[in-house]
Amino acid sequence: MKTERTETIVILSQREIEKMRRAGQLAAKLLQYLEPLVKPGVTTLQLNDAAERWTKAHGAKSAPLGYKGYPKSICTSVNEVICHGIPNAKQVLRDGDIINIDVTPILDGYHGDTSKTFIVGNASPKVKQLVEVTEECLRLGIAEVKPGAKIGDIGAAIQEYAESYGFSVVRDFVGHGISNIFHTAPDIPHYGIRGKGKRLRPGMVFTIEPMINEGTWEFEMLGDGWTAVTSDRKLSAQFEHTLAVTEDGVEILTLSA
Ligand code: MF3
Ligand code: CO
Ligand code: CO
């Protein structure tokens, strides 16, 4: 999500982290359920409706639905869409497209926020490289997370790696604290300077969700007020996990276990 957050950073109890773990596992399972549905000919609305049914059947709610007026249950960001693409009956996936599916079920009051970029059918080596580099950016960002590290360490690791391939890092959308609230402090930029920013402490829970572009990092907002696209209409990829800072490092909460 966008902009500076000024609220204080909360430290979650073990009991709350257990709830985040359950919500996170459900989110990971939802992405696993959706993955085989991603094929040429499917519409993004079909993916949304499948996700909504599955979420309800598992006793959870879709956090995006109605969030600040967002109209659907998941985000489906295709090709030049950076994030918050809205599922649509007229949007048919085609061979060679890339699609980020971002899901956030709420289970027992807590949020599991995770996304992956999938390749539809066959893609060129260049497209595959963007997707692979973006996934590695998430991995490298997560590897920085431990008590005593600074928020800037995460962004620096991601930015260095993405830019070494000539790709750019989106500035206007960042990771975020998350708990029983969808988006809260702190902001987690995917660019930055080592040693800068707030110190990480055990019990902090936040997302890392780098959006990496083939061309410029600059974005434009489409008329629907949600869909963020690259200004040059080149491709953008994204991966996201929800994480907890532990006593000695990091726990990825959005794994299917
Ligand atoms: N899941 C997105 C994120 O990673 C937020 C989507 S907000 C919505 O922060 F309203 F667009 F769904
Ligand atoms: Co998020
Ligand atoms: Co998300």
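Residues numbered from 1 in each chain as written. Chains lettered and ligands numbered in written order. Predicted model: local features only at pLDDT ≥ 70, side-chain atom pairs only at ≥ 80, totals over all residues. Heavy atoms only, no water.

With respect to the packing of aromatic side chains
Here the structure, examined in full by the defined rule, presents 6 aromatic pairs. Ring centres 6.3 Å apart and planes at 10° place the aromatic pair Tyr 165 and Phe 167 in the stacked group. Joined through ring pairs, the aromatic side chains of Tyr 161, Tyr 165 and Phe 167 make up one cluster. Above the face of the Tyr 191 ring, Arg 171 is positioned so that its terminal group lies 4.9 Å from the ring centre. (Phe/Tyr/Trp six-rings, centres within 6.5 Å; stacked < 30°, edge-to-face > 60°. Lys NZ or Arg CZ within 6 Å of the ring centre and 35° of its normal.)

Let's talk about the pattern of salt bridges
Considering all chains together, one arrives at 10 salt bridges under this definition. Residue Lys 19 is joined to Asp 108 by a salt bridge in which the shortest nitrogen-to-oxygen separation is 3.3 Å. Of this pair, Lys 19 sits in helix α1 (residues 14–34) while Asp 108 sits in the loop between β5 (105–107) and β6 (110–111); the two residues are 89 residues apart in sequence, bridging distant segments of the chain. A salt bridge links Lys 56 to Glu 52, with the shortest nitrogen-to-oxygen separation between them at 3.2 Å. With Lys 56 and Glu 52 both in helix α2 (residues 44–57) and 4 residues apart, this pair spans about one turn of that helix. A residue is classified by how much of its surface remains accessible, and Lys 56, at 59% relative accessible area, is exposed. Note on Glu 52: relative accessible area 16%, which makes it buried. A single network of salt bridges, built from pairs that share partners, joins Glu 18, Arg 21, Arg 22 and Glu 251. (Salt bridge = Lys/Arg side-chain N within 4 Å of Asp/Glu carboxyl O. Helix = DSSP H or I, 4+ residues; strand = E, 2+ residues; numbered from the N terminus. Buried < 20%, exposed > 50% of the residue type's maximum accessible area, 1.4 Å probe, protein only.)

Notes on the environment of Ile 82
With respect to the element layout, Ile 82 can be found in strand β3 (residues 81–83). Of the residues examined, Ile 82 reaches a relative accessible area of 1% and is grouped as buried. Ile 82 sits 157 residues away from Phe 239 along the chain, and the two C-alpha atoms are 11 Å apart. Ignoring sequence-local partners within four residues, the contact set of Ile 82 consists of Ser 77, Val 170, Met 211, Asn 213, Phe 219, Ala 228, Val 229, Thr 230, Ser 236 and Gln 238. (Contact = heavy atoms within 4.5 Å.)

Structural notes on the sheet that holds strand β2 (residues 75–78)
Overall, antiparallel pairing links the 3 strands, which are arranged β2-β4-β7 in an open sheet. Of all the strands in the sheet, just β2 and β7 (114–119) have a single pairing partner and so form its edges. With direction set aside, neighbouring strand axes in the sheet form an average angle of 20°. Here β2 pairs with strand β4 (residues 98–103) via 4 bridges, running antiparallel. Residue Ser 77 lies in a different strand from β4, and its bridge partner there is Asn 100. (Pairing = 2+ DSSP bridges. Axes fitted to C-alpha atoms, helices over the stretch in contact; angles between N-to-C directions.)

A few points about unusual backbone geometry
Omega for the peptide link from Ala 185 to Pro 186 comes to 0°, which places this bond in the cis form. Within the secondary structure layout, Pro 186 lies in strand β10 (residues 184–188). The backbone of Arg 233 shows a phi angle near 60°, a positive value even though the residue is not glycine. Tracing the backbone through its elements, the reader meets Arg 233 in the loop between β14 (228–230) and β15 (236–238). Phi at Ala 257 is positive, roughly 65°, even though this residue is not glycine. Among the residues examined, Ala 257 registers a relative accessible area of 86% and is labelled exposed.

Looking at the side chain of Asp 102
Structurally, Asp 102 is set in strand β4. Setting aside anything within four residues of it in sequence, one finds Asp 102 in contact with Ile 74, Cys 75, Asp 113, Thr 114, Ser 115 and Glu 240.

Considerations on the coordination of the cobalt ion (ligand 3)
Listed as protein donors to the cobalt ion (ligand 3) are Asp 102 (OD), Asp 102 (OD), Asp 113 (OD) and Glu 240 (OE); their distances from the metal cover 2.0 to 2.3 Å. What the 6 donor atoms of the cobalt ion (ligand 3) show is an angle range of 59 to 166° at the metal, which sorts the shape as irregular. On the primary sequence, the residues serving as donors to the cobalt ion (ligand 3) are separated as D-x10-D-x126-E. A separation of 3.3 Å is found between the cobalt ion (ligand 3) and the cobalt ion (ligand 2), which are bridged by Asp 113. Within this pair, whereas Asp 113 is found in the loop between β6 and β7, its partner Glu 240 is found in the loop between β15 and β16 (241–245), the two being separated by 127 residues in sequence. (Donors = N, O, S within 2.8 Å, 3.2 Å for Na, K, Ca; no water. Tetrahedral: all angles 85-135°; square planar, octahedral: opposite > 155°, others 65-115°.)

Observations regarding the pairing of strand β11 (residues 205–208)
When a strand is regular, its side chains alternate between the sheet's two faces. The alternating pattern of β11 places Val 205 and Thr 207 and Phe 206 and Ile 208 on opposite faces, both of which are buried. The pairing of β11 with β16 spans 4 bridges and is antiparallel. Residue pairing in the sheet places Ile 208 in a bridge with His 241 of β16.

Fair warning: the whole summary comes from geometry, so function is off the table for now.
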